[in-house]
Amino acid sequence: MKTSDFKFDLPEELIAQVPIEDRSSSRLMVLDKKTGEIEHKIFKDIIDYLNPGDCLVLNNTKVIPARLIGEKVDTGGKIEFLLLKRTEDDTWETLVKPGKRAKIGTKFSFGGGKLISEVVGMGEDGSRIVKFSYDGIFEEILDELGSMPLPPYITEKLEEKDRYQTVYSKHSGSAAAPTAGLHFTKELLDKIEKKGVDIAFITLHVGLGTFRPVKVDDVLEHHMHSEYYMVDKEAANKINKAKKGGKNVVCVGTTSCRTVESASKEKGIIKETSGWTEIFIYPGYEFKIVDKLITNFHLPESTLIMLVSALSSKENILNAYNTAVEEKYRFFSFGDAMIIK
């Protein structure tokens with residue numbers, strides 16, 4: 001299986017730069033995973049594809065304002081940090097630009113000294129292990145000094161920080177939003193619950209490794225970066241109840257999908273658990289839990305388009321994506337959605 005098998009042509013003007021005003025008014029493509037049949041709807045119609053007894057799985061991670069702009073302590077040279085994941089209390093794996101300024105032992109200052117960092121080691125793919133020192137509460141300082149780490153293909157400034165958060169975000173720790181969830185409003189979730197659909201919240205802190213390009217020709221040689229996930233007892237019970245009753249488990253986003261598949265050791269059963277996952281789902285994978293998937297439109301040749309192809313087929317997904325281009329759907333983080341049913 002070649003990475004180039006998952007390539008499609010995407011006009012740049014279809015990359016959504018800003019979120020639409022009403023989250024639930026984005027477009028929704030409905031794809032039958034077996035036949036490849038396509039329908040065109042509005043996202044709030046998602047309720048029509050959820051049935052009483054089904055379980056809707058949402059990732060309640062919260063994006064941290066992970067981008068920091070500062071300066072080198074001795075020279076004043078400008079530096080940019082992107083916090084990827086916490087490895088200990090005040091120690092983070094961090095992307096640093098320009099990296100040549102970030103040798104081990106180098107110190108940087110942010111917010112006029114409110115936050116001081118020292119490079120204490122080297123991480124994966126050129127990242128740095130950085131230890132922070134400060135007075136007060138780290139999260140509060142980060143909220144004051146940091147900005148949202150929008151993907152590089154979004155060049156417009158985000159006017160409201162909360163538009164890059166889901167309305168149900170709770171546990172801080174992500175370097176990127178679980179973007180399929182951005183379409184839900186509290187009102188829509190209330191209607192879904194009133195219909196008799198169980199809602200299960202799981203957590204996976206999204207790292208940028210999810211979005212890194214696949215740099216190898218052979219898909220099987222690609223290595224996923226690890227991400228922290230957690231499934232509590234309540235979520236596991238709701239998911240197991242749906243599976244046992246012959247109902248559908250509907251995951252919102254590839255992160256929810258990867259979480260429940262990581263937490264399941266046998267088909268149809270999920271357990272309360274937490275840990276780090278490097279699960280890589282591509283065509284040929286046999287799903288243990290997921291029946292349907294709500295997702296955005298992903299980058300060509302990415303691990304995400306490989307995952308959605310595994311649930312349907314490469315041919316169906318690429319046909320759907322080419323149709324989305326023809327119909328001028330909006331792509332990526334702030335774009336439109338698809339349900340694979």
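Residues numbered from 1 in each chain as written. Predicted model: local features only at pLDDT ≥ 70, side-chain atom pairs only at ≥ 80, totals over all residues. Heavy atoms only, no water.

Under the annotation held in an unreviewed UniProt entry, the protein chain carries the name S-adenosylmethionine:tRNA ribosyltransferase-isomerase and is attributed to Metaclostridioides mangenotii. Under the heading Sequence similarities (unreviewed entry), UniProt records this for the protein chain: "Belongs to the QueA family." (UniProt positions renumbered as here; feature names shortened; annotations may be inferred.)

Student: Sorry if this is basic, but what is going on with unusual backbone geometry here?
Tutor: The phi angle of most residues is negative, glycine excepted, and most peptide bonds adopt the trans form. For the bond running from Lys97 to Pro98, omega is -10 degrees, close enough to zero to count as cis. Within the chain, Glu301 stands out as a residue other than glycine whose phi angle is a positive 60 degrees. Topologically, Glu301 is positioned in the loop between strand S16 (292–296) and helix H5 (303–311). Of note in the backbone geometry, Lys328 takes a positive phi value of approximately 60 degrees without being a glycine. (Helix = DSSP H or I, 4+ residues; strand = E, 2+ residues; numbered from the N terminus.)

Student: Help me understand the sheet that holds strand S2 (residues 38–42) in this model?
Tutor: Hydrogen bonds between backbone atoms are what pair the strands of a sheet, whose relative direction is either parallel or antiparallel. Taken in spatial order, the 9 strands make up an open sheet running S2-S1-S17-S16-S14-S3-S12-S13-S15, and their pairing is mixed. The open sheet is flanked by S2 and strand S15 (273–277), the only strands paired with a single partner. Across this sheet, the average inter-strand angle for adjacent strands is 20 degrees, counted without regard to direction. Judged from the 3 bridges that link them, strand S14 (residues 249–252) and S16 form a sheet pairing that is parallel. The residue of S16 that forms the bridge with Val252 is Ile294. (Pairing = 2+ DSSP bridges. Axes fitted to C-alpha atoms, helices over the stretch in contact; angles between N-to-C directions.)

Student: Quick question: what am I supposed to make of a negative patch on the surface here?
Tutor: Together, Glu21, Glu156, Glu159, Glu160 and Asp162 line one region of the surface with negative charge. Residue position: Glu160 is located in the loop between helix H1 (138–145) and strand S11 (171–174). A relative accessible area of 46% places Glu160 in the partly exposed class. (Patch = residues over 30% accessible without salt bridge, like charges linked within 9 Å, V, L, I, M, F, W, Y side chains within 5 Å. Areas by Shrake-Rupley, 256 points an atom, 1.4 Å probe, with all protein chains shown as cover. Salt bridge = Lys/Arg side-chain N within 4 Å of Asp/Glu carboxyl O. Lys, Arg positive; Asp, Glu negative; His and termini not counted. Charge placed at Lys NZ, Arg CZ, Asp CG, Glu CD. Buried < 20%, exposed > 50% of the residue type's maximum accessible area, 1.4 Å probe, protein only.)

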